[in-house]
Amino acid sequence: MSLFSRFKSGLKKTQEKLGHEIKRIFTGSPRLTADSLEELEYVLISADLGMALTQQIVGAVQKQYESQGRKGDLDIPAVARQEIEASFEHRQSPLELPDQPPAVISVVGVNGVGKTTSCAKLAYLLKQERGSAMLAACDTFRAAAIEQLKLWGERLDVPVIAGEYGADPAAIAHDAVGSAVSKKTGVLLIDTAGRLHTKKNLMQELQKVHRVMGKQLPDAPHETLLVVDATTGMNAMNQAREFHKMAPLTGVIVTKLDSTSKGGMALAIQKELGIPIKFVGLGEQPEDLQPFDAYDFARALFPEDESTTVS
Ligand SMILES: Nc1nc2c(ncn2[C@@H]2O[C@H](COP(=O)(O)OP(=O)(O)O)[C@@H](O)[C@H]2O)c(=O)[nH]1
Ligand SMILES: [Mg+2]
């Protein structure tokens, strides 16, 4: 399946909702009115595209309509597509990892967003690119989390460094980096415990995990990826804002896009916070984690073969 087809099927719920609503607004009233623009704004906000991008799209629709002298056809999804593409300087934001092994990636976020699953998916993807991968079970708060990661390790044939339930996560991270350095492992994925961004001591613990790794291997972790769950809507925006203050983020992974009709959130985070979306989760299988691509994302949300025109 091509990357675009994966985006398309993963974003189907959001696409169908947007497509349906835009048709409903503009089929009944073919002319562009203040009311229909307001409804369009509401629909885009409901899909969690965020205020900034929504206003940009609505503004562009109005401007193009005016500049056409209020006649001629204007394809609404095409304008949305253009505006999304134009607002992303880079179509993709690849990982920035050192050529020398090991590269270390820390995966952070609140409970249940998909950190462990994303670590496993990243191990699957990056093992192919970098020759080998290793997982570190630094969520020592929940016994089940260690088991979950070990199961993924068996399934993907990737070694897992783990300690006892309740162990110091920084000690596990230390062991894992040591092991990855000596084995020249291509990439080490650090699965961390879920923490609320409001819990200061847990945030400090995360800083300690990062500090310990940095002492052992300069510049580690090379990437700190925040995982957010698309089904939680704009909560994700607050999580990104707060985590970024405590542990500077190099990118975001937006998961569960396949389970929501509010998939626009991925665009809102990058647009409003300037933290690049690096990957999106489009399902529960290892191959369902895909590099984010603003162009494909725009075309999946507003398909070229589904136009809604006002005239
Ligand atoms: N549909 C869907 N489910 C996902 C995705 N990513 C994770 N999940 C599911 O979300 C649940 C929580 O994931 P987990 O990795 O344990 O979250 P953690 O607490 O952050 O480590 C699991 O049932 C995963 O299978 C995704 O992209 N799509
Ligand atoms: Mg977990």
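Note that the coordinates shown come from a computational prediction; the quantities given were computed from them, not determined experimentally. Here the residue numbers are simple positions, counted from 1 along each chain's written sequence. Chains and ligands are labelled by the order in which they are written, letters from A for the one and numbers from 1 for the other. Confidence filtering applies because this is a predicted model: local features only for residues at pLDDT of at least 70, side-chain atom pairs given and counted only at 80 or more, and all residues used for totals across whole chains, interfaces and linings. Just so you know, side-chain values use all the structure's heavy atoms and leave hydrogens and water out.

A. Layout of the side chain of Thr260. Here Thr260 lies in the loop between β7 (251-255) and α11 (265-273). To sort residues, take the accessible area from a 1.4 Å probe on protein chains only and compare it with the maximum for the residue type: under 20% means buried, over 50% means exposed, and anything in between is partly exposed. Its relative accessible area of 6% is what places Thr260 among the buried residues. Whenever a nitrogen or oxygen atom comes within 3.5 Å of another N or O atom, the pair is scored as a polar contact, on the condition that within protein one atom can donate a hydrogen and the other can accept it, and that pairs from neighbouring residues in sequence are kept only if both atoms are in side chains. Here Lys262 takes part through its backbone nitrogen, which lies 2.8 Å from a polar atom of the side chain of Thr260. With sequence-adjacent residues up to four places away left out, Thr260 is seen in contact with Lys13, Thr14, Ala230 and Thr231. Every helix listed is a DSSP run of H or I at least four residues long, and every strand listed is a run of E at least two residues long, numbered separately from the N terminus. The contact criterion used throughout is that any non-hydrogen atoms of two residues lie within 4.5 Å.

B. Region of the structure containing the domain arrangement of the protein chain. Partitioning the protein chain into structural domains gives domain 1 (3-91 + 303-310) and domain 2 (103-292). Between the C-alpha centres of domain 1 and domain 2 there is a distance of 33 Å. With 21 residues of domain 1 in contact, the opposing surface of domain 2 contributes 23 residues. Accessible area that two parts lose when put together, evaluated with a 1.4 Å probe and summed over both, is termed the buried area. Taken together, the two surfaces of domain 1 and domain 2 that pack against each other cover about 1,900 Å², and 61% of this comes from carbon and sulfur. Each domain's extent is set by a domain assignment, obtained either automatically or from a database.

C. Expanded view of the site of ligand 1. What surrounds ligand 1 is a group of 19 residues, the closest being Gly112, Lys115, Thr117, Asp258 and Glu284. Within the contact set of ligand 1, an oxygen atom lies 2.8 Å away from a backbone nitrogen or oxygen of Gly112. Here Gly283 contributes a backbone N or O atom positioned 3.3 Å from an oxygen atom of ligand 1. Using a 1.4 Å probe, the Shrake-Rupley method yields the accessible areas, and only the shown protein chains count as cover for residues. Considering ligand 1 on its own, with 590 Å² of exposed area, one finds that the protein chains cover 81% of that surface. Take the shell around ligand 1: its biggest share by element is four residues, from helix α6 (residues 115-130). Just so you know the grouping, Ala, Val, Leu, Ile, Met, Phe, Trp, Tyr, Cys and Pro go in nonpolar, Asp, Glu, Lys and Arg go in charged, and all remaining residues, Gly too, go in polar. When the residues that make up the shell around ligand 1 are grouped by side-chain class, the tally is three nonpolar, 10 polar and six charged. Only heavy atoms are used to decide nearness, and a residue is near a molecule or strand if one of them lies within 4 Å of it.

D. Representation of the packing of aromatic side chains in the model. Note on ring pairs: Phe, Tyr and Trp rings are taken, using the six-membered ring of Trp, and paired if centres are within 6.5 Å. Classes follow the plane angle, with under 30 degrees stacked, over 60 edge-to-face and the rest tilted. Throughout the structure, instances matching the rule amount to three aromatic pairs. The interplanar angle of 55° and the centroid separation of 5.3 Å between the aromatic rings of Phe292 and Phe297 together place this pair among those described as tilted. By relative accessible area, which is 2% here, Phe292 ends up buried. Pairwise contacts between aromatic rings join Phe7, Phe88, Phe292 and Phe297 into one cluster. Over the aromatic face of Phe4 sits the side chain of Arg299, whose NZ or CZ is 4.1 Å from the ring centroid. In this scheme, Lys NZ or Arg CZ marks a charge over a ring once it lies within 6 Å of the ring centre and within 35 degrees of the ring normal.

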